[in-house]
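Structural overview for review
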Amino acid sequence: MSGIQRQSRFEQGDDVVVMKFGGTSVEDAAAIRRLIGIVEDRRGAQPVIVVSALARVTDQLLESGNAAANGHLGSALATVRKIYVRHEELADSLVDGSAYGSLDRALRTEFQALESLLHDLENSREFDLRVQDRLLGFGECFSSKLVAEALFEAGISAAYVDARLCIATDARHGQASPLWGLTNQRIQETLMPLLESGCIPVLGGFIASTVEGVPTTLGRGGSDFSAAIVGAALGAARVEIWTDVDGVMTTDPKICPEARVIPKMSFDEAADLAQFGAKVLHPATLAPAMRENIPVYVLNSRRPNGSGTEITARARGDKPVSAITAKRNVAAVEIESARGIDSNLLDAVFAAFERHHCSVDVMATSPGRMSLLVASTAALPKIAEDLCGLADVRWENHRALVCLVGENIRHKPEVASKVFAAVSDIDVHMLCQGPSDRTISFLVEESKVEEAVERLHHLFFPKSEPGRDWGGISAAYCQAG
Ligand code: ADP
Ligand code: ASP
Ligand code: MG
């Protein structure tokens, strides 16, 4: 049952569809024209559009922030100038007349604010996560204004909505979490009247703000999460993630071109896949959809007629396994008690990781010893300092976690034995079962991850036997980085 109160004519059965378009799906005029065509096809429903920044813009903004903070203001300004020109050219080719004039003014004003932020950064040299959130948010502000105007120009009643006024978060900059009650209320109050008047709201993904109005972001790739947050607040009939691949695939097609689309997955499987690094979905995306039981579709904006991947509460029949994944850029942390078996160690370790906002991907414990995997080593020196005297903390970078995901995978011992036979000549460092019943994972040197994933993909998805299903294994995945 939904915990959200809705009072409007959309209360029941209304066909709100939240459509999120990623960076490559808005990267140029051709992509935005495709977006317009896809939205036109949904006009019978009630679309809400969420867009990412244009492809590569977030990285360029980050680069300009680093340059300014290191005293290279000229290079920082040159980078944002390129971003500005790119948006202006798009505005020019997609929007005409007076609408162009007001879009041009809006973009100009935003770019002036961006330039002034870079000047401040050059003076202060303090590029902390709070400033970073403010800076990176410009990308989604530009793209959402541009797309709203382009839709309007195409004869679709669309309106730009500032997502920062809709999604309220805590102040954990760089990876903020929604304040659900306030967020649901704001989304409903802002978007319902627009929907009721037949207007399509267009929001930037990824961006939000604290209750005090300080800009935050939901973490890299967070526009998927924004779409799910909006979908859950509106009780949408579906959330569509429009991207540059045909759906969630058996592995990253950039690694294995023979990767295949997975037509259907359960929320749990998809959440595990994302958690273990699947770039195609931000890891937090599935939770709100699951809570409100809203199906999520992953679709290709370059081939909009494909059926993509449908993610719902229904598991895929009785098959115990559905995916193999891998995640790069992880560090393996070894924590050894300084006092032998110590019942307080676990609590102290959790508290230290929590205090320094270091999230743990996988953990294995034995008396007096813990092995953890983390995605970032930034906080580890401070954690080691906090635990000094209690435990010795060591870590190694450049590891990758290869992971099998699937319903009840752990109750299929033959799957694990086949996997380990296939990679027996690759140095496997750490073996983990869990955290759910749906994953088995192992750690390899990062340089070996592609080889491991390719071998597993060939093993479970042999080209000559396209229909074959190895005990239900239906996907291999490796994060592109
Ligand atoms: P967007 O900009 O649309 O959000 P992303 O780059 O974040 O797109 O995610 C799509 C990319 O995810 C694909 O281009 C693909 O390389 C990568 N990817 C990694 N693993 C998978 C997988 N299992 N299925 C599909 N795509 C994957
Ligand atoms: N533009 C942001 C990023 O590149 C968010 C997103 O694309 O989802 O991380
Ligand atoms: Mg993405």
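Please refer to the structure higher up on the page.
In short, a report on the structure. (Residues numbered from 1 in each chain as written. Chains lettered and ligands numbered in written order. Predicted model: local features only at pLDDT ≥ 70, side-chain atom pairs only at ≥ 80, totals over all residues. Heavy atoms only, no water.)

1. So, the overall build of the protein chain
This is how it is decided: Put simply, DSSP H or I for four residues or longer makes a helix, DSSP E for two residues or longer makes a strand, and each gets a number counted from the N terminus. The size measure is the radius of gyration over C-alpha atoms, and the globule rule it meets is 2.2 Å times the number of residues to the 0.38 power. Exposure is judged per residue with a 1.4 Å probe applied to protein chains only, and the accessible area is read against the type maximum: over 50% gives exposed, under 20% gives buried, and values in between give partly exposed. Method for areas: the Shrake-Rupley scheme with a 1.4 Å probe, in which residue coverage is limited to the protein chains shown. The charge count includes Lys and Arg as positive and Asp and Glu as negative, but it does not include His or the ends of the chains. Throughout, a charge is located at the NZ atom of Lys, the CZ atom of Arg, the CG atom of Asp or the CD atom of Glu.
Counting secondary structure elements, the protein chain contains 13 helices and 17 strands. A globule of 481 residues ought to have a C-alpha radius of gyration of about 23 Å, and the protein chain, at 23 Å, matches this closely. By principal-axis analysis of the C-alpha atoms, the protein chain measures approximately 70 × 55 × 40 Å. Across the 481 residues that make up the protein chain, the buried fraction comes to 55%. On the protein chain, roughly 20,000 Å² of surface is accessible, and the fraction owed to carbon and sulfur atoms is 48%. When the 48 basic and 63 acidic side-chain charges of the protein chain are each reduced to a single mean position, those positions are 2 Å apart.

2. Here we look at the packing of aromatic side chains
Note the following rule: Classification of ring pairs rests on two measures: the distance between centres of Phe, Tyr or Trp rings, Trp counted by its six-membered ring, which must be within 6.5 Å, and the angle between planes, read as stacked under 30 degrees, edge-to-face over 60 and tilted in between. We count a charge as sitting over a ring when the NZ of a lysine or the CZ of an arginine lies within 6 Å of the ring centre and within 35 degrees of the ring normal.
For the structure on display, the rule yields six aromatic pairs. Measuring from centroid to centroid gives 4.0 Å for Phe111 and Phe142, while their planes differ by 10°, and the two rings are stacked. With Phe111 in helix 4 (residues 97-124) and Phe142 in helix 5 (residues 129-153), the pair connects residues that are 31 residues apart, well separated along the chain. Where Trp180 meets Phe225, the ring centres are 6.3 Å apart and the plane angle is 65°; that geometry is what we call edge-to-face. In this pair, Trp180 is assigned in helix 6 (residues 180-196) and Phe225 in helix 7 (residues 223-234), connecting sequence segments 45 residues apart. For Trp180, a relative accessible area of 27% puts it in the partly exposed group. Taken together, the ring pairs connect Tyr84, Phe111, Phe138 and Phe142 into an aromatic cluster. In this structure, Arg238 is placed above the aromatic ring of Tyr297, and the distance from its NZ or CZ to the ring centre is 3.9 Å. Of note, Arg291 hangs over the ring of Trp180, and the distance from its end group to the ring centre comes to 4.3 Å.

3. Let's talk about the site of ligand 2
Convention followed: By convention in these notes, a residue is near a molecule or strand provided one of its non-hydrogen atoms lies within 4 Å of it. Counting of polar contacts relies on pairs of N or O atoms within 3.5 Å, with two restrictions inside protein: one atom must be capable of donating a hydrogen and the other of accepting it, and residues adjacent in sequence are counted only when both atoms are side-chain atoms. Side-chain classes are defined by residue name, with Ala, Val, Leu, Ile, Met, Phe, Trp, Tyr, Cys and Pro counting as nonpolar, Asp, Glu, Lys and Arg as charged, and the others, Gly among them, as polar.
Every residue close to ligand 2 is listed here: Ser52, Thr58, Glu140, Phe206, Arg220, Gly221, Gly222 and Ser223. A distance of 2.7 Å separates a nitrogen atom of ligand 2 from a polar atom in the side chain of Glu140. The contact in question runs from an oxygen atom of ligand 2 to an N or O atom on the backbone of Gly221, over 2.8 Å. Summarising the interface, the protein chains cover 85% of the accessible area of ligand 2, which totals 260 Å² for the free molecule. Classifying every residue of the shell around ligand 2 by side-chain character gives one nonpolar, five polar and two charged.

4. Side note on helix 3 (residues 73-94)
Structurally, the α-helix is built with 3.6 residues per turn, so residues lying three or four positions apart point the same way. Quick note on the threshold: To estimate how far a helix should reach, multiply one less than its number of residues by 1.5 Å. Any pair of residues with heavy atoms lying within 4.5 Å of one another is described as a contacting pair.
End to end, helix 3 covers 31 Å across 22 residues, agreeing with the expected 32 Å (1.5 Å per residue, within 8%). Considered for burial, the residues of helix 3 that qualify are Leu73, Ala76, Thr79, Val80, Ile83, Tyr84, Arg86, His87, Glu88, Leu90, Ala91 and Leu94. Here the buried face of helix 3 lies against helix 1 (29-41), helix 2 (57-69), helix 4 and helix 5.

5. Some thoughts on unusual backbone geometry
Note on backbone geometry: most residues besides glycine have negative phi, and most peptide bonds are trans. Residue Arg56 is not a glycine yet carries a positive backbone phi of 80°. Residue placement: Arg56 occurs in the loop between strand 2 (46-51) and helix 2. We classify Arg56 as exposed; its relative accessible area is 53%. The phi torsion at Asn329 lies on the positive side, around 60°, for a residue other than glycine. Tracing the backbone through its elements, the reader meets Asn329 in strand 12 (residues 323-337). Residue classification places Asn329 among the partly exposed residues on the basis of a relative accessible area of 43%.

6. Some words on the pairing of strand 15 (residues 391-405)
Condition: Whether two strands pair comes down to DSSP finding at least two bridges between them.
Two elements, strand 12 and strand 15, share twelve bridges in a ladder whose sense is antiparallel. The residue of strand 15 that forms the bridge with Glu336 is Asp392. The sheet contact formed by strand 15 and strand 17 (residues 439-445) spans seven bridges and is antiparallel. Note on strand 17: the bridge partner recorded for Val405 is Thr439.

7. Focus on a negative patch on the surface
Where we set the bar: Note that patches include only residues with greater than 30% relative accessible area and no salt bridge, and the join distances are 9 Å for like charges and 5 Å for nonpolar side chains (Val, Leu, Ile, Met, Phe, Trp, Tyr). In what follows, salt bridge is the name for a side-chain nitrogen of Lys or Arg lying within 4 Å of a carboxyl oxygen of Asp or Glu.
A cluster of like negative charges, contributed by Glu89, Asp92, Asp96 and Glu153, occupies part of the molecular surface. Following the sequence through the fold, Asp96 ends up in the loop between helix 3 and helix 4.

8. Structural notes on the pattern of salt bridges
Under the defined criterion, the tally for this structure stands at 24 salt bridges. The residue Arg355 makes a salt bridge to Asp386 at a minimum N-O spacing of 3.1 Å. Of this pair, Arg355 sits in helix 10 (residues 345-355) while Asp386 sits in helix 11 (residues 380-386), and the two are 31 residues apart along the sequence. For Asp386, a relative accessible area of 34% corresponds to the partly exposed category. The partner of Arg455 in a salt bridge is Glu451, with the nearest N and O atoms 2.6 Å apart. Residue Arg455 and its partner Glu451 are located together in helix 13 (residues 449-460), separated by four residues, close to a single helical turn. On the basis of relative accessibility, which here comes to 24%, the residue Arg455 falls in the partly exposed class.

9. Thoughts on the side chain of Glu446
As for its position among the elements, Glu446 is in the loop between strand 17 and helix 13. With no salt bridge to any partner, buried Glu446 finds its closest opposite charge in Arg328, at an N-O distance of 4.9 Å. Those residues in contact with Glu446 that sit more than four places away from it in its chain are Arg328, Asn329, Val330, His398, Arg399 and Ala400.

10. Notes on the sheet that holds strand 7 (residues 215-217)
How we decide: The convention used is that axes are lines fitted to C-alpha atoms, helices contributing only their stretch in contact, and that angles between N-to-C directions extend from 0 to 180 degrees.
With respect to topology, three strands assemble into an open sheet ordered 4-6-7, the strand pairing being mixed. Each edge of the open sheet is held by one strand with a lone partner, namely strand 4 (168-169) and strand 7. Where strand 4 and strand 6 (residues 207-210) come together, two bridges link them in parallel fashion. Within strand 6, the residue paired with Thr169 across the bridge is Thr210. Of the strands in this sheet, strand 6 and strand 7 touch helix 5, which is tilted by about 80° from strand 7.

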